[in-house]
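# Results of the structural survey
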Amino acid sequence: MLIHTRVSGHIDAPIEQAWAASRDFQALPMWHVGVVAVKDVVGTLDQVGSTATLVIKTPLGLRDFHAEVTEVKPLELAAHVGREVDGPFQYTTRMQYTPAGRGYDYVWEQDNEFGSGLPLPFGDEAFATRLMEHMLRQSCENMQLFLEATVPQLA
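## Regarding the overall build of the protein
Helix and strand content of the protein: three helices and seven strands. Counting helices and strands in the order they occur from the N terminus, the protein gives β-α-α-β-β-β-β-β-β-α. Rg of the C-alpha trace for the protein: 16 Å, near the compact-globule value of 15 Å for 155 residues, within the 12% margin. When its C-alpha atoms are laid out on the principal axes, the protein stretches across 50 × 35 × 20 Å. Within the span of the protein, comprising 155 residues, buried residues form 43% of the whole.

## Digging into helix α3 (residues 125–148)
The terminal C-alpha atoms of α3, which comprises 24 residues, lie 34 Å apart, in line with the 34 Å expected from a rise of 1.5 Å per residue. Buried within α3 are the following residues: Ala128, Met132, Met135, Leu136, Ser139, Cys140, Met143, Leu147 and Glu148.

## A closer look at helix α1 (residues 15–22)
Every buried residue of α1 is accounted for by Ile15, Ala18, Trp19, Ala21 and Ser22. For α1, the angular spread of buried residues about the axis comes to 165°, placing them on one side. Looking at the buried positions of α1, the neighbouring elements they touch are β4 (61–73), β5 (77–84), β6 (90–100), β7 (103–113) and α3.

## What about the confidence of the model for the protein?
The pLDDT averaged across the protein works out to 92; a share of 97% of its residues lies at or above 70. Per-element confidence in the protein is highest for strand β2 (residues 35–42), whose mean pLDDT is 97, and lowest for α1, whose mean pLDDT is 88.

## Concerning the sheet that holds β6
One key point about sheets: their strands pair by backbone hydrogen bonds, in either a parallel or an antiparallel sense. Taken together, the seven strands give an open sheet; going across it, the order is β1-β7-β6-β5-β4-β3-β2, and neighbouring strands pair in antiparallel fashion. Every interior strand has two partners, whereas the edge strands, β1 (2–11) and β2, have only one. Neighbouring strand axes in the sheet, compared pairwise and without regard to direction, differ in orientation by 20° on average. Here seven bridges tie β5 to β6, and the two strands are oriented antiparallel to one another.

## Structural notes on the layout of surface pockets
Size it by volume and the largest pocket reaches roughly 850 Å³. Along the walls of the largest pocket sit 46 residues, with His32, Val35, Trp108, Gln110 and Met135 positioned nearest its centre. If you list the elements that add at least two residues to the lining of the largest pocket, you get α1, α2 (28–31), β3 (51–58), β5, β6, β7 and α3. Per-class residue counts for the lining of the largest pocket are 30 nonpolar, 11 polar and five charged.

## Concerning the environment of glutamine 144
Mapped onto the elements, glutamine 144 comes out in helix α3. Its relative accessible area of 23% is what places glutamine 144 among the partly exposed residues.

## Considering the packing of aromatic side chains
In the structure shown here, the tally under the stated rule is six aromatic pairs. Judged by centre distance (5.6 Å) and plane angle (55°), the rings of tyrosine 97 and tyrosine 104 are tilted. Judged on exposure class, the residue tyrosine 97 and its partner tyrosine 104 are both buried. Members of the aromatic cluster, each reached through a chain of ring pairs, are Trp19, Tyr97 and Tyr104.

## Some details on the nonpolar core
Ranked by size, the top nonpolar core spans 38 residues in total, and within it Phe25, Leu28, Leu54, Tyr104 and Leu147 carry the most contacts. Residue contacts for leucine 28: discarding those within four places in its chain leaves Val35, Val38, Leu45 and Leu54.

## Section: the pattern of salt bridges
Where charged atoms from two side chains of opposite charge come close, those side chains can pair. All told, the structure shown has five salt bridges when counted by the stated rule. The shortest N-O distance in the salt bridge between aspartate 46 and arginine 23 comes to 2.8 Å. Placement of aspartate 46 in the loop between β2 and β3 and of arginine 23 in the loop between α1 and α2 is noted, with a sequence separation of 23 residues between them. Two residues, glutamate 71 and arginine 94, come together in a salt bridge whose shortest N-O distance is 2.7 Å. Of this pair, glutamate 71 sits in strand β4 while arginine 94 sits in strand β6; the two residues are 23 residues apart in sequence, bridging distant segments of the chain.

Each value, and the rule that gives it
- What you see as residue numbers is a count from 1 along each chain, following the sequence as written.
- For a predicted model such as this one, the threshold for reporting local features is a pLDDT of at least 70, and the threshold for listing and counting side-chain atom pairs is 80 or more; totals across whole chains, interfaces and linings nevertheless cover every residue.
- Water and hydrogen atoms were dropped before computing side-chain values, which therefore reflect all heavy atoms in the structure.
- The way it works is that DSSP assigns letters per residue, a run of H or I at least four long becomes a helix, a run of E at least two long becomes a strand, and they are numbered from the N terminus.
- For a compact globule the rule gives 2.2 Å times the number of residues to the power 0.38, and the radius of gyration it is set against comes from C-alpha atoms.
- A 1.4 Å probe rolled over the protein chains alone gives each residue an accessible area, and that area as a share of the maximum for its type sets the label: buried under 20%, exposed over 50%, partly exposed in between.
- An expected span of 1.5 Å times one less than the residue number is assigned to each helix.
- This arc is built from the directions going out from the helix axis to the C-beta atoms.
- We call two residues contacting when some pair of their heavy atoms lies within 4.5 Å.
- Per-residue confidence from the predictor is reported as pLDDT, a score between 0 and 100.
- For two strands to pair, DSSP has to find at least two bridges joining them.
- Orientation is described by lines fitted to C-alpha atoms, with helices fitted over the stretch in contact, and by angles between N-to-C directions that extend from 0 to 180 degrees.
- The method works on a 1 Å grid over the protein atoms by themselves. A cavity is a set of points holding a 1.4 Å probe that cannot get out, a pocket is an open set with protein on both sides within 12 Å along at least five of seven lines, and residues with an atom within 4 Å of a point line them.
- Grid points are joined across faces, edges and corners, and a volume is the space filled by probe spheres set on the points.
- Here the nonpolar group is Ala, Val, Leu, Ile, Met, Phe, Trp, Tyr, Cys and Pro; Asp, Glu, Lys and Arg are the charged ones; every other residue, Gly included, is treated as polar.
- Paired rings are identified among Phe, Tyr and Trp, the last through its six-membered ring, by centres lying within 6.5 Å, and are further divided according to the angle between planes into stacked (under 30 degrees), edge-to-face (over 60) and tilted (the rest).
- Side-chain atoms within 4.5 Å link the members of a nonpolar core, which is a set of buried Ala, Val, Leu, Ile, Met, Phe, Trp, Tyr and Cys residues.
- Definition used for salt bridges: Asp or Glu carboxyl oxygen within 4 Å of a side-chain nitrogen of Lys or Arg.

If you want it as structure tokens, here you go:
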């Protein structure tokens, strides 16, 4: 089952600050609700070819994923793929940044490929789509809280 998810929004923080905060594999568990831990890091999320092992929550419990950065345009785009180590799950994720006002707009698109035979409700495409969208949106809200807390806001 292939699930495509797209979330977008705006964050009132300099795009340079967002880029710096999102380049660190080790920081992912601080804001990404699906990432529990990170290990075996080689490089950063803003360098094509960088890799890490991400411990991710899946419908079947915690699973290790090998992540590899596949595309980067500094301050504009970052993409990576993840494949479950010894399992059927895989994903492709792409985050685009566009300067806007005092901050930036973002679009986060992700394709998730789930293996067959998942227990309900995870095996239901509509449920899995809503669940993935909720996870990405909550992760973006976490990043927004984190970034905006470090930038003085207008009253």
